[in-house]
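Architecture at a glance
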Amino acid sequence: MNELGHIEDLPADYREALTQQNLVPLWPSLRGLLPPGKPQPRTRAIAWSYLALRPLLIKAGKLTPIEKAERRVLVLANPGHGLEKMQASAAIYLGMQLLLPGEWAPSHRHTPNAARMIVEGEGAYTTVNGEKCPMRRGDLILTPTGLWHEHGHDGDKPVIWLDVLDLPLVYYMEASYHVDGERQAIKPGRGESTHATGGMVPTPMFERSGKAYPMLRYPWAEARAALETMAADQPGLEAIQLTYINPETGSDAQNILGFYALMLRPGQTLRLPVRSPAMVFHVIEGAAQVTVEEQHFALAEADTCCTPGYSAASLRNPSADKPSFLFIADESPLHRKLGVFENRG
Ligand code: 1HN
């Protein structure tokens, strides 16, 4: 039942005749294409230590001037895909980017969607379509598909952030390209201050903004406060989680990847449902032990890990007295739109 013919079962001259006509027999590959019961992901559960990568990123700052690099990034590559593929999962790219005081990463726009989770430092900012977004630890800043973006740094210490892009998917679709631009003029107006009031959106002259991406910066101070309120309000609640959304539509903040903030109470263990999308966990504050099937990862602050889809994972906060806070990215908006999303409980 599980064994179909091998390519070698076919006569060599027949195989050669097929190749000559650009034809391939399906049956020797059918079980690999459609494995029984569940996919066999290339994506491996893997963790990247911030303590280990930070000196290498700082060294990149000495080895390569920003003018030569344009974006100075060490990619968090999943060996299951091959490091050269530079992907964390089928659809997720992760990179740690360094900007030094006074540096400038010039303006461009591209088809893949990007989001940044700020890990370290003060004084840097990203300008997205003219909107100046200060970068502070734990902030989530979106640079959705097609929007101009550039990074600057007025502070006096290195700034480091985690880039999360849907690049592997957009590249696979042969839809990935970029356009270079001029330095952007800063426009007045800050989406996060006008859209961050829960349940309300601006309607100047009774009309909504009509922007596809009205909110570009999600300040950590507000997300953290909302998680703490949720935890205090519902002492029996297990998963203290918020989803980053587009406040105009209530949909996910971006079209392809989903973003979430999660709080673990002191000592809490949270079993996650087995779902089809791959996930990324990044520790904003505190620590987290991630168990995926038989593997264990002890994540410290600023560490990042990813888990393949269809895997059983649980999260534990090892601290007896401090909550921990995680940033999560996943592929669920993509899976839902494609109709392949599954939650197996
Ligand atoms: C990009 O444009 C940025 O703008 C960061 O900071 C990482 C990785 C791949 C392709 C484009 C940025 C990127 C990227």
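Given the structure is predicted, the values throughout are model-derived calculations rather than measurements.

In this section: the overall build of the protein chain. Secondary structure assignment for the protein chain yields eight helices and 21 strands. For the protein chain, the C-alpha radius of gyration of 22 Å lies close to 20 Å, the compact-globule estimate for 345 residues. Structurally, the protein chain occupies a C-alpha span of about 70 × 50 × 50 Å along its principal axes. A buried classification covers 47% of the 345 residues belonging to the protein chain. By sequence separation, contacts in the protein chain at least 24 residues apart represent 74% of the contacts at least 6 residues apart. Carbon and sulfur atoms provide 57% of the accessible area of the protein chain, an area that totals close to 17700 Å². Looking at charge distribution, the protein chain has the averaged site of its 33 positive side-chain charges lying 3 Å from that of its 38 negative ones.

Sheet topology note: the strand 17 (residues 288-292)/strand 18 (residues 295-299) ladder contains five bridges and is antiparallel. Of the residues in strand 18, the one forming a bridge with Val290 is Phe297. What sits between strand 17 and strand 18 in their antiparallel hairpin is a turn of two residues, with Glu293 showing a positive phi close to 45 degrees.

Looking now at a nonpolar patch on the surface. Judged by side-chain polarity, Leu4, Tyr14, Leu26, Trp27, Leu33 and Leu34 come together as a nonpolar surface patch covering roughly 600 Å² of accessible area. With respect to the secondary-structure elements, Leu4 resides in the segment before helix 1 (12-20). Of the residues examined, Leu4 reaches a relative accessible area of 30% and is grouped as partly exposed.

In the Ramachandran plot, Ala302 falls in the positive-phi region, its phi being about 75 degrees despite a non-glycine side chain. Take Ala302: it is sitting in the loop between strand 18 and strand 19 (304-307). Although it is not a glycine, Tyr310 sits at a positive phi angle of roughly 60 degrees.

Turning our eyes to something else, we now look at the sheet that holds strand 10 (residues 159-165). If you trace the six strands from one edge of the open sheet to the other, you get 2-3-10-5-8-12, paired in antiparallel fashion. Taken across any chain shown, the strands that pair with only one partner, and hence form the sheet edges, are strand 2 (73-75) and strand 12 (217-218). Relative to strand 10, strand 3 (residues 93-99) runs antiparallel, the two sharing seven bridges. Bridge pairing in strand 10 links Leu94 to Val164.

Taken together, the six strands give an open sheet; going across it, the order is 1-19-16-21-14-13, and neighbouring strands pair in antiparallel fashion. Strands with a single pairing partner mark the edges of an open sheet, and in this sheet they are strand 1 (46-48) and strand 13 (240-243). Averaged over all pairs of adjacent strands, the angle between their axes in this sheet comes to 20 degrees, without regard to strand direction. Across three bridges, strand 1 lies against strand 19 in antiparallel orientation. When the bridges of strand 19 are listed, Trp48 appears paired with Thr304. Packed on one face of the sheet, helix 7 (residues 220-233) meets strand 13, strand 14 (258-264), strand 16 (279-285) and strand 21 (324-330) and runs near 140 degrees to strand 13.

The next point concerns the pattern of salt bridges. Under the counting rule described, the total for this entry stands at ten salt bridges. Note that Arg54 is salt-bridged to Glu120, the shortest N-O span being 2.6 Å. Here Arg54, found in helix 3 (residues 50-63), pairs with Glu120, found in strand 5 (residues 114-120); they are 66 residues apart in sequence, far enough to count as distant. Between Arg224 and Glu285 there is a salt bridge whose closest N-O contact spans 2.7 Å. Of this pair, Arg224 sits in helix 7 while Glu285 sits in strand 16, and the two are 61 residues apart along the sequence. Residues participating in the shared-partner salt-bridge network are Arg224, Glu228 and Glu285.

Glancing now at the site of the ligand. Around the ligand sit Arg71, Tyr93, Gln97, His108, His110, Arg116, His149, His151, Asp163 and Leu167, and that is every residue in its neighbourhood. One nitrogen or oxygen atom from the side chain of Arg116 is found 3.3 Å from an oxygen atom belonging to the ligand. Contact with the protein chains hides 85% of the accessible area of the ligand, taken as 320 Å² for the molecule alone. Of all the elements in the fold, those that place two or more residues in the shell around the ligand are strand 3, strand 4 (104-110) and strand 9 (149-153). Of the residues that constitute the shell around the ligand, the class distribution is two nonpolar, five polar and three charged.

Rules used throughout
Residues numbered from 1 in each chain as written. Predicted model: local features only at pLDDT ≥ 70, side-chain atom pairs only at ≥ 80, totals over all residues. Heavy atoms only, no water. Helix = DSSP H or I, 4+ residues; strand = E, 2+ residues; numbered from the N terminus. Rg over C-alpha atoms; globule rule 2.2 N^0.38 Å. Buried < 20%, exposed > 50% of the residue type's maximum accessible area, 1.4 Å probe, protein only. Contact = heavy atoms within 4.5 Å. Areas by Shrake-Rupley, 256 points an atom, 1.4 Å probe, with all protein chains shown as cover. Lys, Arg positive; Asp, Glu negative; His and termini not counted. Charge placed at Lys NZ, Arg CZ, Asp CG, Glu CD. Pairing = 2+ DSSP bridges. Patch = residues over 30% accessible without salt bridge, like charges linked within 9 Å, V, L, I, M, F, W, Y side chains within 5 Å. Salt bridge = Lys/Arg side-chain N within 4 Å of Asp/Glu carboxyl O. Axes fitted to C-alpha atoms, helices over the stretch in contact; angles between N-to-C directions. Near = heavy atom within 4 Å. Polar contact = N/O pair within 3.5 Å; in protein donor to acceptor, adjacent residues only side chain to side chain. Nonpolar A, V, L, I, M, F, W, Y, C, P; charged D, E, K, R; others polar.

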